[in-house]
Amino acid sequence: MSELKTLDNDENINPSEHLRKLNDQIALEKIAIDQLKKEIATVIVGQEEMIEALIIALLTEGHILLEGFPGLAKTLTVKTLSKSMNLDFSRIQFTPDLLPADVTGTMIYQQKSESFAVRKGPLFASFILADEINRAPAKVQSALLEAMQERQVTIGDESFKLPDPFLVMATQNPIEQEGTYNLPEAQKDRFMMKVSVGYPSPAEEVLIIRSNIQESQSKKIKKVLSKKDVLRLKAIVKEVYLDEKIEKYIVDIINETRNPSIPAIQELSSYISYGSSPRGGINLALASKARAFLEGRSFVTPDDVKVMAVKVLNHRIGLSYEAEVDELKAEDIIYKIIQYVEVP
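Residues numbered from 1 in each chain as written. Predicted model: local features only at pLDDT ≥ 70, side-chain atom pairs only at ≥ 80, totals over all residues. Heavy atoms only, no water.

Enquirer: How do you make sense of the overall build of the protein when you look at a structure like this?
Expert: Helix and strand content of the protein: 14 helices and eleven strands. On C-alpha atoms alone, the protein measures out to a radius of gyration of 21 Å, which is about the 20 Å that the 2.2 N^0.38 rule sets for 344 residues. The principal-axis extents of the C-alpha atoms in the protein amount to approximately 65 × 55 × 50 Å. Looking at the protein residue by residue over its 344 residues, the buried ones come to 47%. Of the roughly 17500 Å² of accessible surface on the protein, a fraction of 50% belongs to carbon and sulfur atoms. (Helix = DSSP H or I, 4+ residues; strand = E, 2+ residues; numbered from the N terminus. Rg over C-alpha atoms; globule rule 2.2 N^0.38 Å. Buried < 20%, exposed > 50% of the residue type's maximum accessible area, 1.4 Å probe, protein only. Areas by Shrake-Rupley, 256 points an atom, 1.4 Å probe, with all protein chains shown as cover.)

What follows is the structure in structure tokens.
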């Protein structure tokens, strides 16, 4: 329980007392998150799953891959989130003719000084929307790799740190695949979660129509959190306690995605071409901590892991030809694994 010592300088503090103090602190800090959600809800109708995933990614230095049809408020959601924190937002429309320099920036020759100067690209913002990322070729997609993993960009022979917080939300259209480039596995693995965005309910759609035909469409978003607040919340999420039994539970789930060993799900082996990388286990642990925080708890439960498992792992499992023939999705495999892995 060494990680429990970071909140209090006293090395001899009782772990139970530490968790109690952390619980009280989370209860206070959760008020800010609730205010953030409330402010976003003044503009975005529904889409709670997408909003929660964005907040979890923000609190854990993760990135999100969104799959959904056009017109489901993906751009508006990220833009609203950035405005509620008064942080920079950039939207990059990925197209087949896009170049890596259009994303990261380039060196520009200045005739007056007879020297080269750096012109930073749209990637230098706290919130990045990479719209239809699968429309650009691999060399452009890979321009995001260093930024997402190392949180820096190299232009010429110089490296530049990206802002903190820094969140990339990439979108791809699930139906229009003509002229697209599938994301390489190394690229997909750098996204903490993949979230499928569905259509709103009839009741939500009525509210969407009503809010968009009114005269005052441009509602001013209030600043709810500052950059300093976000950094503090990130530090608190790291303090959320993850028991060794929960760690083993996560590892068991990850191992079953690679080589199902439980008798009841051994038939899944023929449907899996490859399983989750170790990064999947790391991200599942981080996402579970953030989810516990959003629920107002100072410790992770198995339910946190179950809720986050599909979002974190569904893009990390490779499906075989047999799975496609049987119309089996990665989500179906993960649900099956969760059903049979022993809960601590």
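Enquirer: What am I meant to see in the environment of Ile 272 here?
Expert: Its location among the elements puts Ile 272 in strand S10 (residues 272-274). Taking relative accessible area as the criterion, Ile 272 reaches 9% and is therefore assigned buried. Note: C-alpha distance between Ile 272 and Glu 322 (50 residues apart in sequence) is 8.8 Å.

Enquirer: It is not clear to me how the pattern of salt bridges should be interpreted in this structure. Could you clarify?
Expert: It is possible for side chains of opposite charge to pair when their charged atoms get near one another. Considering all chains together, one arrives at 17 salt bridges under this definition. With a shortest N-O distance of 3.5 Å, Lys 188 and Glu 185 are connected by a salt bridge. Of this pair, Lys 188 and Glu 185 are both found in helix H7 (residues 185-188), three residues apart, which corresponds to roughly one turn of the helix. Exposure remark for Glu 185: the relative accessible area of 40% places this residue in the partly exposed category. Residue Lys 248 is joined to Asp 252 by a salt bridge in which the shortest nitrogen-to-oxygen separation is 3.1 Å. With Lys 248 and Asp 252 both in helix H10 (residues 244-258) and four residues apart, the pair spans about one turn of that helix. (Salt bridge = Lys/Arg side-chain N within 4 Å of Asp/Glu carboxyl O.)

Enquirer: Just to check I follow, could you spell out the side chain of Lys 289 for this structure?
Expert: Note on placement: Lys 289 falls in helix H11 (residues 278-294). Judged by relative accessible area, Lys 289 falls into the buried class, the value being 12%. From its side chain, Lys 289 meets the backbone oxygen of Val 240 in a polar contact 3.1 Å long. (Polar contact = N/O pair within 3.5 Å; in protein donor to acceptor, adjacent residues only side chain to side chain.)

Enquirer: Got a minute to help me understand the pairing of strand S2 (residues 89-93) in this structure?
Expert: On any regular strand, side chains alternate: one points to one face of the sheet, the next to the other face. Here S2 shows one buried face, formed by Ser 90 and Ile 92, and one open face, formed by Phe 89, Arg 91 and Gln 93. Pairing analysis gives five bridges linking S2 to strand S5 (residues 127-131), with the strands arranged parallel. Residue pairing for S5: Gln 93 is matched across the bridge by Asp 131. (Pairing = 2+ DSSP bridges.)

Enquirer: Just to check I follow, could you spell out the sheet that holds S2 for this structure?
Expert: Pairing is parallel across the open sheet formed by five strands, whose spatial order is S2-S5-S8-S1-S9. For this open sheet the edge positions go to S2 and strand S9 (193-197), each flanked by a neighbour on one side alone. Along the sheet, successive strands turn relative to each other by an average axial angle of 20°, direction set aside. Here strand S1 (residues 64-68) runs beside S9; their pairing, made up of five bridges, is parallel. Bridging from a neighbouring strand, Leu 66 pairs with Val 195 of S9. (Axes fitted to C-alpha atoms, helices over the stretch in contact; angles between N-to-C directions.)

Enquirer: Quick question: what am I supposed to make of the packing of aromatic side chains here?
Expert: Centre distance and the angle of the planes are the two values used to describe a pair of aromatic rings. Under the counting rule described, the total for this entry stands at one aromatic pair. Ring plane angle 80° and centroid distance 6.4 Å describe the contact between Phe 124 and Phe 160, whose orientation is recorded as edge-to-face. Of this pair, Phe 124 sits in the loop between strand S4 (115-120) and S5 while Phe 160 sits in strand S7 (residues 158-161), and the two are 36 residues apart along the sequence. Among the residues examined, Phe 160 registers a relative accessible area of 15% and is labelled buried. Taking NZ or CZ as reference, Arg 297 lies 5.8 Å from the ring centre of Phe 299, over its face. (Phe/Tyr/Trp six-rings, centres within 6.5 Å; stacked < 30°, edge-to-face > 60°. Lys NZ or Arg CZ within 6 Å of the ring centre and 35° of its normal.)

Enquirer: Sorry, what's going on with the nonpolar core here?
Expert: One broad trend across soluble globular proteins is that nonpolar side chains are buried collectively. Counting 69 residues, the largest nonpolar core has Ile 64, Met 85, Met 193 and Phe 293 as its most contacted members. In this structure, Phe 293 is in contact with Ile 26, Glu 29, Lys 30, Ile 33, Leu 59, Leu 233, Ile 236, Val 237 and Val 240, ignoring residues within four places of it in sequence. Counting residues in hydrophobic clusters, the runner-up holds 25 residues, among them Ile 92, Leu 98, Ala 136 and Leu 162. (Core = buried A, V, L, I, M, F, W, Y, C linked by side-chain atoms within 4.5 Å. Contact = heavy atoms within 4.5 Å.)

Enquirer: Help me understand unusual backbone geometry, please; the structure alone is not making it clear to me.
Expert: Most of the time, phi is negative for any residue but glycine, and the peptide bond is trans. The step from Asp 164 to Pro 165 runs through a cis peptide bond, and the omega angle for that step is 10°. Take Pro 165: it is sitting in the loop between S7 and strand S8 (167-172). Non-glycine residue Glu 132 carries a positive phi angle of around 50°. Take Glu 132: it is sitting in the loop between S5 and helix H5 (138-141). Phi angles above zero are rare outside glycine, and Arg 151 is one such case at about 55°. Checked against the element boundaries, Arg 151 lands in the loop between helix H6 (143-150) and strand S6 (152-155). On the basis of relative accessible area, Arg 151 is assigned to the buried category, the value being 17%.

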